[in-house]
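Here is how the chains run, residue by residue.
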Amino acid sequence: MRVPLGGVGWDALSLVDAADDRPLIERRAVVRDGFYELQARTVIERVPQVAGIAQQWAVSPYRGCAHACRGCGARAGHRRLGLDAGRDFDTRIVVRPNVVERLRAELARWDGRELAVGVGGDCYQAAEGTYRLMPGVIAALGEAAVPFTVYTKSALVLRDAGVLARAGARVAVSIAFVDERIRRAVEPGAPGAQARLELVSALVEAGVECRVLMAPVLPLLSDAADQLAATVRRVAAAGAQAVEPVVLRLPPGTRQWYEEWLAQAHPHLVERYEELYDRAGLPSAGYEQRITGQIAQLCEVYGMGFGPAPVERREPAAAQLALV
């Protein structure tokens, strides 16, 4: 029987060299051109439920992200490497040079469920221009006939549009809002909304199934009716197949970094956020339903699909060898 892998991936570093007080990652990684190269033991990892995406399992060639999005839910992973979830996450990018080798080995035992690619850090951020890991990742997934969705904000994904189309991949481009003032404040290293809208159009023209992850919708900052309408209208004009909204999550690591910024930029909103979010970092169900309901209505008006695509599960390309 095929079973999903349950490896701990990025956290599988033994606690040794206790006398060395450097961060764990600095004791175990090779630093090259500003990147931390770390050989991974396991690359298929469970997606935290708080992430809000449909897939339950993911592979991420990179940990950390130069896009520096304040609401990124992956920030806590840096803490387990001995780094902080704030500035270190934005600037100390961890690379898995052996991701393709490990992925091929794990796919030989995979049960065919859909994978997300790029949850721990944008898989087409600037580091990918140096390491070029994604063509090998796409090839491995395509050869194993495993369905997958690539999550990105970067136009570098167009480099691989042909192989993505042939592999039957989905690409989810993250466009949470189209207000550039908000983008500069909360996504300072990411491309602007117009560039991402043009990316959607280019992917569609290249024959890639393209959706928009409208995430994160920021309570009291980008959730006004006119803001939501402007975003959905422009996403529809770009040719996206569907919109998948996710209201901002504030899990540990992300919460501290985001609220520190909020207290400086919008101190009058701090108390309202404390009322809106529970201890796990989830927004109140009533608020989330109201926002996603508005977006669903807008998608209907503009003739787009709404919500996550059904998660696929395909029969693996090769039969598993019997264990004797």
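Predicted model only: the values in this text are computed from it and were never measured.

### Some details on the overall build of the chain
Looking only at helices and strands, the chain has 13 helices and 12 strands in total. A compact globule built from 324 residues would reach a C-alpha radius of gyration of about 20 Å, and the chain, at 19 Å, matches this within 12%. In terms of overall dimensions, the chain has a C-alpha envelope of 60 × 50 × 35 Å along the principal axes. Out of the 324 residues in the chain, the part that is buried amounts to 53%. Separation of charge centres in the chain, based on 38 positive and 38 negative side chains, amounts to 2 Å.

### Considering the sheet that holds strand 2 (residues 35-37)
Read across the sheet, four strands follow the order 1-2-6-5 without closing on themselves; strand pairing throughout is mixed. Both outer strands of the open sheet, strand 1 (30-32) and strand 5 (62-63), are each paired with one neighbouring strand and no more. Looking at chain direction, strand 2 and strand 6 (residues 94-95) are connected through two bridges and run parallel. Looking at strand 6, one finds that Tyr-36 is bridged to Val-94.

### What to know about the nonpolar core
Counting residues in each nonpolar core, the largest one holds 78 residues, and the members touching the most others are Leu-107, Phe-148, Leu-164 and Tyr-273. For Phe-148, the residues in contact, after removing those within four places along its chain, are Glu-114, Leu-115, Val-117, Ile-138, Leu-141, Leu-164, Ala-167, Ala-169 and Arg-170. Grouped together as the second largest cluster of nonpolar side chains are nine residues, Val-47, Tyr-151, Ala-172 and Leu-213 included.

### Notes on the packing of helix 9 (residues 193-205) against helix 10 (residues 225-238)
Between helix 9 and helix 10, the shortest axis-to-axis distance is 8 Å and the interhelical angle comes to 35°. Residues Gln-194, Leu-197, Val-200 and Ser-201 of helix 9 touch helix 10, and the partners they reach there are Arg-234, Val-235 and Ala-238. Tallied by class, residues from the contact of helix 9 with helix 10 come to four nonpolar, two polar and one charged.

### Considering the packing of aromatic side chains
Both the distance between ring centres and the angle between the ring planes are used here to describe each pair of aromatic rings. The final tally for this structure, using the stated rule, is five aromatic pairs. Look at Trp-57 and Trp-110: their rings are 5.7 Å apart centre to centre, the planes differ by 80°, and that puts the pair in the edge-to-face class. With Trp-57 in strand 4 (residues 57-59) and Trp-110 in the loop between helix 4 (99-107) and strand 7 (115-117), this residue pair connects regions lying 53 residues apart in the sequence. Overall, the relative accessible area of 4% leaves Trp-57 in the buried class.

### Things to note about the pairing of strand 9 (residues 170-174)
Across the five residues that make up strand 9, a large majority, five, are buried. Here strand 9 shows a buried face lined by Arg-170, Ala-172 and Ser-174 and a second buried face lined by Val-171 and Val-173. Judged from the four bridges that link them, strand 8 (residues 148-152) and strand 9 form a sheet pairing that is parallel. Bridged to Tyr-151 within strand 9 is Ala-172. In this region the chain leaves strand 8, passes through helix 7 (residues 161-166) and returns to the parallel neighbour strand 9; the handedness of that crossover is right-handed.

Parameters and conventions
- Residues numbered from 1 in each chain as written.
- Predicted model: local features only at pLDDT ≥ 70, side-chain atom pairs only at ≥ 80, totals over all residues.
- Heavy atoms only, no water.
- Helix = DSSP H or I, 4+ residues; strand = E, 2+ residues; numbered from the N terminus.
- Rg over C-alpha atoms; globule rule 2.2 N^0.38 Å.
- Buried < 20%, exposed > 50% of the residue type's maximum accessible area, 1.4 Å probe, protein only.
- Lys, Arg positive; Asp, Glu negative; His and termini not counted.
- Charge placed at Lys NZ, Arg CZ, Asp CG, Glu CD.
- Pairing = 2+ DSSP bridges.
- Core = buried A, V, L, I, M, F, W, Y, C linked by side-chain atoms within 4.5 Å.
- Contact = heavy atoms within 4.5 Å.
- Axes fitted to C-alpha atoms, helices over the stretch in contact; angles between N-to-C directions.
- Nonpolar A, V, L, I, M, F, W, Y, C, P; charged D, E, K, R; others polar.
- Phe/Tyr/Trp six-rings, centres within 6.5 Å; stacked < 30°, edge-to-face > 60°.
- Right-handed = clockwise from strand over helix to strand, strands pointing away.

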